[in-house]
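Residues per chain, in single letters:
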Amino acid sequence: MSEFDHTQLDDLIHSRIRLAVMAVLAGVEKAEFTFIRDKIKTTDGNLSTHLRKLEDKQYITIQKKFEGRKPVTEVSLTDLGRKAFSAYLSHLETMLGTAGLAGR
């Protein structure tokens, strides 16, 4: 494997929306659906689709509850999701470092 082996990047995470979701969740214990939606500036439907893909791969967990009569959806990274995101970032950093772009 070379430092530029792009096939080592996790295709599931590499999507712009899913990458943004993973980045948001990496910095918090959990986040509400609306917080993520607003933070990454996407639509409810688009976010739901991408969250489902991450959940299917067990990178995130989704918990639905009610606060009063209002439904609340909370999302958090799983241990597997944190490891996958860390590996993704590590490989990306290796690629950028080899290209001489790291630290610029």
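To be clear, the structure that these remarks concern was listed above.
Residues numbered from 1 in each chain as written. Predicted model: local features only at pLDDT ≥ 70, side-chain atom pairs only at ≥ 80, totals over all residues. Heavy atoms only, no water.

Re the pattern of salt bridges
Inspection of every chain in the model, using the stated rule, returns five salt bridges. The shortest N-O distance in the salt bridge between Arg-37 and Asp-38 comes to 2.9 Å. Across the salt bridge formed by Asp-44 and Arg-37, the nearest N and O atoms sit 2.9 Å from each other. Overall, Asp-44 belongs to the partly exposed group, its relative accessible area being 39%. A network of salt bridges, in which partner residues are shared, links Lys-30, Lys-65, Glu-67 and Glu-74. (Salt bridge = Lys/Arg side-chain N within 4 Å of Asp/Glu carboxyl O. Buried < 20%, exposed > 50% of the residue type's maximum accessible area, 1.4 Å probe, protein only.)

What to know about unusual backbone geometry
Non-glycine residue Lys-41 carries a positive phi angle of around 55°. With respect to the secondary-structure elements, Lys-41 resides in the loop between α3 (33-40) and α4 (44-56). By relative accessible area, which is 73% here, Lys-41 ends up exposed. Positive phi is not limited to glycine here, since Gln-58 has a value of about 65°. Summarising the element assignment, Gln-58 is placed in the loop between α4 and β2 (60-67). (Helix = DSSP H or I, 4+ residues; strand = E, 2+ residues; numbered from the N terminus.)

Some thoughts on the sheet that holds strand β1 (residues 31-32)
Spatially, the three strands line up as an open sheet ordered β1-β3-β2, and their pairing is antiparallel. The sheet terminates laterally at β1 and β2, the two strands that pair on one side only. Two elements, β2 and strand β3 (residues 70-77), share eight bridges in a ladder whose sense is antiparallel. The residue of β3 that forms the bridge with Ile-62 is Val-75. Contacts from α4 reach β2 and β3 within the one sheet, and its direction differs from that of β2 by about 125°. (Pairing = 2+ DSSP bridges. Contact = heavy atoms within 4.5 Å. Axes fitted to C-alpha atoms, helices over the stretch in contact; angles between N-to-C directions.)

A look at the side chain of His-50
On the secondary structure map, His-50 appears in helix α4. Residue class for His-50 comes out buried when judged on its relative accessible area of 12%. Setting aside its immediate chain neighbours within four residues, His-50 contacts Ser-15, Ile-17 and Arg-18.

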